[in-house]
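# Examining the three-dimensional arrangement
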Amino acid sequence: MEITIIQLFNGLSMGSILLLIALGLAVTFGLMNVINMAHGELIMIGAYATYITQNLFNDYLPASLFNWYFVLSIPVSFMVAFLIGWLLEVSLIRFLYGRPLDSLLATWGIALMLQQLARTIFGAPNVAVKSPTWLDGGFRLMDGVVLPYKRLFIILLVIVTLVAMFLYIYRSHAGRRMRAVMQNRDMAACLGISTRRVDSMTFAIGSGVAGIAGCALTLMGPIGPSLGTYYIVDAFMVVVLGGVGKLVGTIVGAVGIGVTGTMFEYWTNASLGKVLVFLCIVAFLQWKPKGLVAMKTRSLD
Amino acid sequence: MKRKIVKNLAFLTVALSVVLAGCGANNTTSGDPAPAPSNTGTNTTTGSGGATDGDEIKVGILHSLSGTMAISEVSVKDAEMMAIEEINANGGVLGKQLVPVVEDGASDWPTFAEKARKLISEDQVATVFGGWTSSSRKAMLPVFEELNGLLWYPVQYEGLESSPNIFYTGATTNQQIVPAVSWLLENRGTKFFLLGSDYVFPQTANKIIKEQLNAEGGELVGEEYTPLGHTDYSTLIAKIQQAKPEVIFNTLNGDSNVAFFKQLKDAGISADDITVLSVSVAEEEIRGIGVDVLEGHLAAWNYYQTTDTPENKTFVENYKAAYGDDRVTADPIEAGYDAVYLWAAAVEKAGTTDVDAVKEAAKGLEWDAPGGKITIDGDNQHIYKTVRIGEVQSDGQFQELWNSGEPVKPDPYLETYEWASSLSSSK
């Protein structure tokens, strides 16, 4: 009984982490069709931004405030990744729209450059981020079932990020312009929308969300130059399974992979579990090539 | 359209050169002030061939300076450069200065083999110090045997190997894993959970541990492997909680350790509940994992930065003076440093850098290393080393809980252990 609850919670938790790392990609790849191989490195940038925030708190503020660095580091990570994403779009990505293969190679190159840059600035070894004490420990649901606060916090963070993104995309003027451009670029341009500005804004937001993911991941895993490479495959897996272009699909895809992944891993082992998950995804995509939630579109491509 | 492509290309080139320039600048500024030769790197090869060319002796250094293994191997390279520097300052070997030829194995095993061949045939170095992963060693081994070169390999490994052209200055299994298991059985409990990364070293190590548990009255309650780079350990920790082990023997390698220890602590399991003993977590790794999650857990090595010998005091001081106060020393770093001195001593004794003469002279050679007295075993070219088990303290250093008292004779094939007969016969 306990183990069922724990595993369900672990599955949900893994789903939330997957969702967080895939959300940014759902924007840059899903909405904009840029095969963004540098997505993992944007996550890495978010993680390093958190590391820097922590060090600044350590050096310049009284120890009593240290625990609050994490609250500040979330918007800081977002902003840093947002800015770098914006720079990338303006300087490179915008020349590559509609050329997926070129963008794949170019962003992969960017990823390698960012990794080496991180290695140059922070050194090759991992750095340590001390998690705030209010996230230590866990919530005791019943005997033998402890839900770690960090995992609960990440689930909460995902929900907040999702709500904010939904509000932005579906309830704000900027979001409406964004959807218009993604649906029919020429028509939107004719109606006086600056598609250039919308493009760079959208890419930057996707990057910023990746930064938030990086910040959250400092609670769970390693923080080093190659951090991004551990998550990039999972992120693409979630977006492709969920259906390119739909946020709802990404949510369902992430939670689905999280829950089935932990189940398979529990029944077999970590290596085999991953293989089984991939097998399921391949089989599923054979059956439904457009993913869980297919985008209805009138465009001819 | 065409102009656009040209513009893109131009931009890419500019961006690339900026990044490259950044890397280059870093090497010369923030890098290593004392051992200057490391900066000259491969450029030192320009002189004409011959290992003992005039008043110089060329030695090769072959580690991954880029790629995933750079994390660990750069520090070993630094220690080897420091040893060469020190030897040169004291008049060199046979009155000649050592000139290091540094090559980058790039975390890529075929590259290791290729660079090893280049060092021996083209640069004609007298010896090579290098390697870290077993895969890189296995890739270089045939090259050294074919060309009759000499390799000094500085890292603990899974044993069951003894090449006439390699000196192994790291621990073999009976100098690290086997005594650690015995100590755990005596002091921490008999229920073992084996956790490792899914590749050669952990699987071979666990095969040995399982035999030993059988023979010495331990109980195996679980055995799990995760892919290299695995980052979610929630399910595995649930399995551990169900299996209720008293000891986790951890052979995870690399970044997975960070995720595992962080999530273990979150699940409410501290060192008081279950002892975790790691064989791939040293002082360098502690800094990246975070002391708060590692405190109280154990590791088995032959050397710690805190090891109390007069040689170690000067070694740590010199290392910090050369590379910065925030750097730490660790077992493989010390083993790399030892290798250079052992080779130098063997050459002095042989009076030549000829490989066969050096090998002959190295037999039984003794040296007071930072980690205590070490002796080269002439039979298998491994080294007598003291085994030490340490506990992580709140300052990120180890406190030694136990040591073997005297250097342990290396036994790569575990021939002196009866329970290991099925393992060594399969060599």
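Data block above holds the structure.
Now for a description of the structure that goes with this document. All residue numbers here refer to positions counted from 1 along the written sequence of the relevant chain. Working convention: letters from A go to chains and numbers from 1 go to ligands, in the order in which they are written. The predicted nature of this model means local features are confined to residues of pLDDT at least 70 and side-chain atom pairs, given and counted, to a pLDDT of 80 or more, with totals for whole chains, interfaces and linings taken over all residues. Each side-chain value is derived from all of the structure's non-hydrogen atoms; neither hydrogens nor water enter the calculation.

## Things to note about the overall build of chain A
Note the threshold: Labels follow the DSSP assignment, with helices taken as runs of H or I lasting at least four residues and strands as runs of E lasting at least two, numbered in each case from the N terminus. Between the two quantities, the radius of gyration covers C-alpha atoms and the globule rule is 2.2 Å times the number of residues to the power 0.38. Exposure classes here rest on a 1.4 Å probe applied to the protein chains alone. A residue is buried below 20% of its type maximum, exposed above 50%, and partly exposed in between. Residue contacts are counted whenever heavy atoms from the two residues lie within 4.5 Å of one another.
Regarding its fold elements, chain A presents 11 helices and 2 strands. N-terminal to C-terminal, the α/β element order of chain A is α-α-α-α-β-β-α-α-α-α-α-α-α. For a compact globule of 301 residues, the expected C-alpha radius of gyration is about 19 Å, and chain A comes in at 20 Å, within 12% of that figure. Expressed along its principal axes, the backbone C-alpha trace of chain A runs to roughly 60 × 50 × 35 Å. Considering chain A as a whole, with its 301 residues, one finds that 52% of them fall into the buried category. The contacts of chain A with a sequence gap of at least 6 include a subset with a gap of at least 24, amounting to 75%.

## Side note on the overall build of chain B
Our working rule: Accessible areas in this description were obtained via Shrake-Rupley with a 1.4 Å probe; residue shielding takes into account the shown protein chains only.
On a plain count of helices and strands, chain B comes out with 15 helices and 16 strands. Out of the 427 residues belonging to chain B, those deemed buried represent 59%. Once local pairs closer than 6 in sequence are excluded, the contacts in chain B between residues at least 24 apart make up 69%. Summed over its atoms, the accessible surface of chain B is roughly 15900 Å², and 51% of this surface lies on carbon and sulfur atoms.

## Observations concerning the interface of chain B and chain A
The following threshold applies: Once two parts are brought into contact, the accessible area they lose, counted with a 1.4 Å probe and summed over both, makes up the buried area. When a carboxyl oxygen of Asp or Glu lies within 4 Å of a side-chain nitrogen of Lys or Arg, that pair is called a salt bridge. In protein, a polar contact means a hydrogen-donor-capable atom and an acceptor-capable atom, both N or O and within 3.5 Å, with residues adjacent in sequence counting only if both atoms are side-chain atoms; elsewhere, any N or O pair within 3.5 Å suffices. Residues are sorted three ways: Asp, Glu, Lys and Arg are charged, Ala, Val, Leu, Ile, Met, Phe, Trp, Tyr, Cys and Pro are nonpolar, and all the rest, Gly among them, are polar.
Contacts between the two partners involve 40 residues from chain B and, on the opposite side, 40 residues from chain A. Regarding the contact of chain B and chain A, the summed buried area is about 3600 Å², with carbon and sulfur atoms giving 57% of it. Put simply, chain B and chain A have 3 salt bridges between them. Viewed at the interface, chain A and chain B are joined by 13 residue pairs in polar contact (both at pLDDT 80 or more). Every element with two or more residues in the side of chain B that touches chain A is listed here: helix 1 (2–28), helix 3 (70–89), strand 8 (219–226), helix 8 (234–243), helix 9 (256–266) and helix 10 (283–289) of chain B. Broken down by element, the residue count for the side of chain B that touches chain A peaks at 9 residues, all from helix 1 of chain B. Taken together, the residues of the side of chain B that touches chain A sort by class into 15 nonpolar, 14 polar and 11 charged.

## Structural notes on the sheet that holds strand 14 (residues 383–384) of chain B
Residues and elements named next belong to chain B. Basically, it comes down to this: For two strands to pair, DSSP has to find at least two bridges joining them.
One open sheet holds the 3 strands; their spatial order is 12-13-14, and the pairing between them is antiparallel. One side of each edge strand has no neighbouring strand; the edge strands of this open sheet are strand 12 (366–369) and strand 14. Inspection of the sheet shows strand 12 paired to strand 13 (residues 372–376) by 4 bridges, in the antiparallel sense. Residue pairing across strands places Ala369 opposite Gly372, the latter belonging to strand 13.

## Topic: the nonpolar core
So the rule is basically this: Each nonpolar core is a collection of buried residues, namely Ala, Val, Leu, Ile, Met, Phe, Trp, Tyr and Cys, held together in the definition by side-chain atoms within 4.5 Å.
Ile43(A), Phe70(A), Ile154(A) and Ile257(A) are the most contacted members of the largest nonpolar core, which has 78 residues in total. Here the element with the most residues in this core is helix 1 (residues 2–31) of chain A; it accounts for 11 residues. Those residues in contact with Ile43(A) that lie beyond four places of it in its chain are Ile21(A), Ala210(A), Ala213(A), Gly214(A), Leu217(A), Leu227(A) and Tyr231(A). Counting residues in each nonpolar core, the second largest holds 70 residues, with Leu195(B), Ala259(B), Val340(B) and Ile383(B) among its members.

## Observations concerning empty space enclosed by the protein
Threshold: With a 1 Å grid laid over protein atoms only, a set of points is called a cavity when a 1.4 Å probe fits there but cannot get out and a pocket when it is open yet has protein on both sides within 12 Å along at least five of seven lines; lining residues have an atom within 4 Å of a point. Grid points are joined across faces, edges and corners, and a volume is the space filled by probe spheres set on the points.
Enumeration over the complete set of coordinates arrives at 4 cavities of 30 Å³ or more. In this structure, the largest cavity occupies an estimated 160 Å³ of space. Counting only elements with at least two residues in the lining of the largest cavity, the list comes to helix 1 and strand 2 (145–148) of chain A together with helix 8 of chain B. The element contributing the most residues to the lining of the largest cavity is helix 8 of chain B, with 4 residues. Taken together, the residues that form the lining of the largest cavity break down as 8 nonpolar, 4 polar and 1 charged. Its volume calculated, the second largest cavity comes out at about 60 Å³. Partitioned by chemical class, the residues of the lining of the second largest cavity number 4 nonpolar, 2 polar and 4 charged.

## Quick word on the sheet that holds strand 9 (residues 247–251) of chain B
Residue and element names in this part refer to chain B. Using the following cut-off: Only C-alpha atoms enter the line fits that serve as axes; for helices the fit covers just the stretch in contact. Angles between N-to-C directions range over 0 to 180 degrees.
Pairing within the open sheet is mixed, and its 7 strands lie in the order 8-7-9-10-11-15-16. Where the open sheet ends on each side, the last strands, each with one partner, are strand 8 and strand 16 (398–403). Recorded for the sheet is a direction-independent mean angle of 25° between the axes of neighbouring strands. When strand 10 (residues 275–278) meets strand 11 (residues 298–301), the two strands line up parallel, connected through 2 bridges. Looking at the pairing, Leu277 lines up with Leu298 of strand 11. Packing of helix 9 onto the sheet brings it into contact with strand 7 (191–197), strand 9 and strand 10, and relative to strand 10 it is tilted by some 170°.

## As for the pattern of salt bridges
Residues and elements named next belong to chain B. Counted according to the given criterion, the structure contains 24 salt bridges over all chains. A salt bridge links Lys115 to Glu103, with the shortest nitrogen-to-oxygen separation between them at 3.3 Å. In this pair, Lys115 sits in helix 4 (residues 109–122) while Glu103 sits in strand 3 (residues 97–104), placing the two residues 12 residues apart along the sequence. Taking the relative accessible area as the measure of exposure, Glu103 reaches 6% and is therefore buried. The shortest N-O distance in the salt bridge between Glu360 and Lys363 comes to 3.6 Å. Residue Lys363 is classed as partly exposed on the basis of its relative accessible area, which comes to 41%.

## Brief notes about the environment of Ile237(B)
Residue and element names in this part refer to chain B. If you trace the backbone, Ile237 turns up in helix 8. On a C-alpha basis, the gap between Ile237 and Ala267 in space is 7.6 Å, while along the polypeptide they are 30 residues apart. Contacts of Ile237, omitting those with residues within four sequence positions, involve Phe260, Gln263, Leu264, Ala267 and Ile269.

## Regarding the packing of helix 10 (residues 247–267) of chain A against helix 11 (residues 270–287) of chain A
A packed helix pair is summarised by two numbers, namely the angle formed by the two axes and the spacing between the axes. All names here are of chain A. Operational definition: Note on terminology: angles under 35 degrees are roughly parallel, angles over 145 are roughly antiparallel, angles of 65 to 115 are roughly perpendicular, and the others are oblique. Helix crossings get a hand from a simple test, with the near helix turned counterclockwise from the far one by less than a right angle marking a left-handed crossing and a clockwise turn marking a right-handed one.
Contact geometry of helix 10 with helix 11 gives a least axis separation of 8 Å together with a crossing angle of 135°. Taken together, the axes of helix 10 and helix 11 are oblique relative to one another. Crossing of helix 10 over helix 11 shows right-handed handedness. Residue-level contacts link Ile257, Gly261, Phe264 and Glu265 of helix 10 to Ala270, Gly273, Leu276, Val277, Cys280 and Ile281 of helix 11. Residues of the contact of helix 10 with helix 11, tallied by class, amount to 7 nonpolar, 2 polar and 1 charged.

## Concerning the packing of aromatic side chains
Quick reminder of the rule: By convention, a stacked pair of Phe, Tyr or Trp rings (six-membered ring in the case of Trp) has centres within 6.5 Å and planes under 30 degrees apart, an edge-to-face pair has planes over 60 apart, and any other such pair is tilted. The rule is short: NZ of Lys or CZ of Arg within 6 Å of the ring centre and within 35 degrees of the ring normal puts a charge over the ring.
This structure, assessed with the given rule, holds 31 aromatic pairs over all chains. Counting every residue linked through ring pairs, the aromatic cluster contains Phe57(A), Phe66(A), Trp68(A), Tyr69(A), Phe70(A), Trp134(A) and Phe153(A). It is Lys288(A) that lies over the ring of Trp287(A); its NZ or CZ is 5.6 Å from the centre. We note Arg137(B) situated over the ring of Tyr153(B); from NZ or CZ to the ring centre the distance is 4.8 Å.

## Let's talk about helix 9 (residues 227–242) of chain A
Residue and element names in this part refer to chain A. This is how the line gets drawn: Given a helix with a known number of residues, its expected span is that number minus one, times 1.5 Å.
An ideal rise of 1.5 Å per residue puts 22 Å on 16 residues; helix 9 measures up with 24 Å between its terminal C-alpha atoms. Counting buried residues in helix 9 gives 12 out of 16 residues, a clear majority hidden from the surface. Among the residues making up helix 9, those that are buried are Leu227, Gly228, Tyr231, Ile232, Asp234, Ala235, Phe236, Met237, Val238, Val239, Leu241 and Gly242. Buried residues in helix 9 make contact with helix 1, helix 2 (39–60), helix 8 (195–217), helix 10 and helix 11. Directly beyond the C-terminal end of helix 9, a positive phi value near 105° is found at Gly243.

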